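# A structural walkthrough
Below, each chain spelled out in residue letters.
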Amino acid sequence: MIEKRAALIADARSIIDAADAEGRELNSEQREKVDVMLNDSDLMQSDIEQRQRLDSHNEKLAKVEDRKTALAIDKSDNEDRETSPLATREYREAFASYLRRGQNGLTSSEVRALQEGVDAEGGYATETTVQRMIIETLDDESQMRKLATVIATESDRNIPVESSATVAVWAAEEAAIGGTDPVFAQASLGAYKAAVIVKISNELLFDSVFDMSSYLGRNIGRGLANLEETAFVNGTGSAQPTGVTDGSAVGETAASATAVTADEVIDHYYGLGQGYRKNATWMLNSTSAGAIRKLKDGDNRYVWQPSLAMGAPDTILGRPVVISEDCEAMTTGLKPILFGDFSYYWIADRGSVVLQRLNELYSENDQVGFKATRRTDGVLTASAAVHHMLMA
């Protein structure tokens, strides 16, 4: 599939190259053909990424099965109980009963097992299978979580950030030594609450074949991931995290309000400090990527190159490209192209996902709601680490 995608892109580029060699623009038929080819390559890339994620999940499941085979259930439960009460078999079974029947349908032993997961407001921390699926879904769906520095915290955090470095000087013998001391600022990380509600019919709840934990894990994880990704990329900092776009510094300013040139992309690349550039990633939406992949440098080489290796991303000027549809559009005054070291964006997760069963709220439609909440925050700790291109 990777080879077919590369061939499709090569065919599209041969049409563009032929027109360039003749010193003319593409005609309408050729433009339409190129657009179809490039759109097909995008669809193929999505299929490739899905296959790769499936392979990754299969590997994780195989490891879990190997561990189950190697350990007796009782021994496993004893080990889990020492590390996390929520990982025991008793808790898993009680949690599954809670999902299907609610708190009033629990036996006394199930209630005791769930006490480890009760929070102050009557919710239950998610059982480890659901929690693991939520975390994996967040990682799969969220580009920012893959690139950022993610930490777990129990309180607000102030991260010291060096805003000016120590300067060394040459000093003559017996002369006073000058230089400057570093100056430190602070980046603050709090906790904003993200919430999602999943509604399930009572018919499904009492269907023993229906895998409740997997369904909730996937849907809750997908909902939270989409919400977080938007905030981590474009958040305002008001009742939500501050996104990397707002925290970044201006790199290159485009001459046009709706398009960029190859020279501007190259200038944007070299405008980022060398220390950040060696670990830098491009981030932009699909429309912006479509515009950039048609650009050539002064030596008639495309600045955007498709990947030919399994699991490797496409590149712009040799650095990897990540597509996030939450990046701004290539429109007047916006910041559509981000380039930098995204590990300087810190994400702080406060506690685990908390799940609450809503018994009555949707009873008119014979449904039960499951409300999940998670507290998190994000901030770019050094604006110089990520630059944005500003449209005219």
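Starting afresh in each chain, residues are numbered from 1 along the sequence in its written order. Under the rules for a predicted model, residues below a pLDDT of 70 receive no local features and side-chain atom pairs below 80 are neither given nor counted, while totals for whole chains, interfaces and linings still include all residues. Working from all heavy atoms in the structure, the side-chain values ignore hydrogens and water.

Right, let's get into the pattern of salt bridges. Counted as salt bridges are all cases of a side-chain nitrogen of Lys or Arg within 4 Å of a carboxyl oxygen of Asp or Glu. For the structure shown, the criterion picks out 13 salt bridges. Arg293 is the partner of Asp42 in a salt bridge, and the nearest nitrogen-oxygen pair spans 2.9 Å. Of this pair, Asp42 sits in helix α2 (residues 28-70) while Arg293 sits in the loop between α13 (286-292) and β8 (304-305), and the two are 251 residues apart along the sequence. When its relative accessible area of 28% is taken as the criterion, Asp42 is described as partly exposed. Put simply, DSSP marks the helices as runs of H or I at least four residues long and the strands as runs of E at least two long, and each gets a number from the N terminus on. Think of it in three bands: residues with accessible area under 20% of the maximum for their type are buried, residues over 50% are exposed, and the middle band is partly exposed, with areas taken using a 1.4 Å probe on protein chains only.

Time to look at the packing of aromatic side chains. Stacked, tilted and edge-to-face are the three classes assigned to paired rings of Phe, Tyr and Trp, where Trp is represented by its six-membered ring and a pair needs centres within 6.5 Å; plane angles under 30 degrees give stacked, over 60 edge-to-face, the rest tilted. Using the criterion set out here, one finds 5 aromatic pairs in the structure. With 4.7 Å between their ring centres and 85 degrees between their planes, Tyr269 and Tyr270 make a pair best called edge-to-face. The exposure class assigned to Tyr270 is exposed, which follows from its relative accessible area of 56%. Look at Tyr276 and Tyr344: their rings are 5.2 Å apart centre to centre, the planes differ by 85 degrees, and that puts the pair in the edge-to-face class. Of this pair, Tyr276 sits in helix α12 (residues 274-277) while Tyr344 sits in the loop between β11 (337-340) and β12 (345-358), and the two are 68 residues apart along the sequence. We classify Tyr276 as partly exposed; its relative accessible area is 22%. Taken together, Tyr269, Tyr270, Trp282 and Phe339 form an aromatic cluster joined through their ring pairs. Cation placement over rings: the criterion is NZ of Lys or CZ of Arg within 6 Å of the ring centroid and within 35° of the ring normal. For the cation-ring pair, Arg13 lies above Tyr302, with the distance from its terminal atom to the ring centre recorded as 4.0 Å. Here the guanidinium or amino end of Arg293 rests over the ring plane of Trp304, the centre of that ring lying 5.6 Å away.

Next up on the list: helix α1 (residues 2-21). Between its first and last C-alpha atoms α1 spans 28 Å; for 20 residues at 1.5 Å apiece the expected length is 28 Å, and the two agree. The set of residues buried in α1 consists of Ile2, Arg5, Ala6, Leu8, Ile9, Ala12, Arg13, Ile15, Ile16 and Ala19. Positive backbone phi, at 70 degrees, marks Gly23, one or two positions downstream of α1. An expected span of 1.5 Å times one less than the residue number is assigned to each helix.

With that out of the way, let us pick up the pairing of β12. With 10 of 14 residues buried, β12 is to be regarded as a mostly interior element. Paired strands, as defined in this entry, are two strands with at least two bridges between them according to DSSP. The pairing of strand β2 (residues 149-153) with β12 spans 5 bridges and is classified as parallel. Within β12, the position partnered with Ala152 by the bridge is Asp349. Pairing between β12 and strand β13 (residues 367-380): 11 bridges, direction antiparallel. The residue bridging Arg350 from the neighbouring strand is Arg375, located in β13.

Bringing the pairing of strand β14 (residues 386-390) into the picture now. Of all the 5 residues making up β14, 4 are buried; the element is thus mostly covered by neighbouring parts of the structure. Bridging between strand β6 (residues 249-253) and β14 involves 3 bridges; their strand directions are parallel. Bridge assignment links Ala249 to a residue of β14, and that residue is His387. In the sheet, β11 pairs with β14 via 4 bridges, with the strands oriented antiparallel. Bridge pairing in β14 links Gly340 to Val386.

With that settled, consider the side chain of Arg293. Arg293 gets classed as buried once you look at its relative accessible area, which sits at 7%. Only 2.9 Å separates the side chain of Arg293 from the side chain of Asp42, close enough to count as a polar contact. With sequence-adjacent residues up to four places away left out, Arg293 is seen in contact with Arg13, Leu38, Asn39, Ser41, Asp42, Tyr302 and Trp304. Polar contact is the term for a pair of N or O atoms within 3.5 Å; when the atoms are in protein, one must be able to donate a hydrogen and the other to accept it, and sequence-neighboring residues count only if both atoms are side-chain atoms. By definition, residues are in contact when any of their heavy atoms lie within 4.5 Å.

What follows is about the sheet that holds β11. Read from one edge of the open sheet, 7 strands run β6-β14-β11-β7-β10-β9-β8, paired in mixed fashion. The sheet is open, and its two borders are formed by β6 and β8, each paired with just one other strand. Where strand β9 (residues 315-316) lies against strand β10 (residues 319-323), 2 bridges are found, and the strand directions are antiparallel. Within the sheet, the bridge partner assigned to Thr315 lies in β10 and is Pro320. Packing against the sheet, helix α11 (residues 262-271) makes contact with β6, β7 (281-284), β9, β10, β11 and β14, and its axis sits at approximately 155 degrees to β14. The axes used here are C-alpha line fits, helices contributing only the stretch in contact, and every angle between their N-to-C directions lies in the interval 0 to 180 degrees.

Counting 22 residues, the largest nonpolar core has Val260, Val265, Trp282, Ile292, Leu295, Ile316 and Ile337 as the members making the most contacts within it. Contributions of two or more residues to this core are made by α11, β7, α13 and β11. Here this core gets 3 residues from one element, more than from any other, and that element is α11. Judged by nonpolar contacts, the second largest core, of 19 residues, contains Leu99, Ile134, Ala194 and Met212. Only buried residues count toward a nonpolar core. Its members are Ala, Val, Leu, Ile, Met, Phe, Trp, Tyr and Cys residues joined through side-chain atoms within 4.5 Å.

Glycine aside, negative phi is the norm for most residues, and most peptide bonds take the trans geometry. The phi angle at Asn300 is positive, at roughly 65 degrees, despite the residue not being glycine. Relative to the assigned elements, Asn300 resides in the loop between α13 and β8. Even without being a glycine, Asp366 presents a positive backbone phi close to 55 degrees. Residue position: Asp366 is located in the loop between β12 and β13. Residue class for Asp366 comes out partly exposed when judged on its relative accessible area of 35%.

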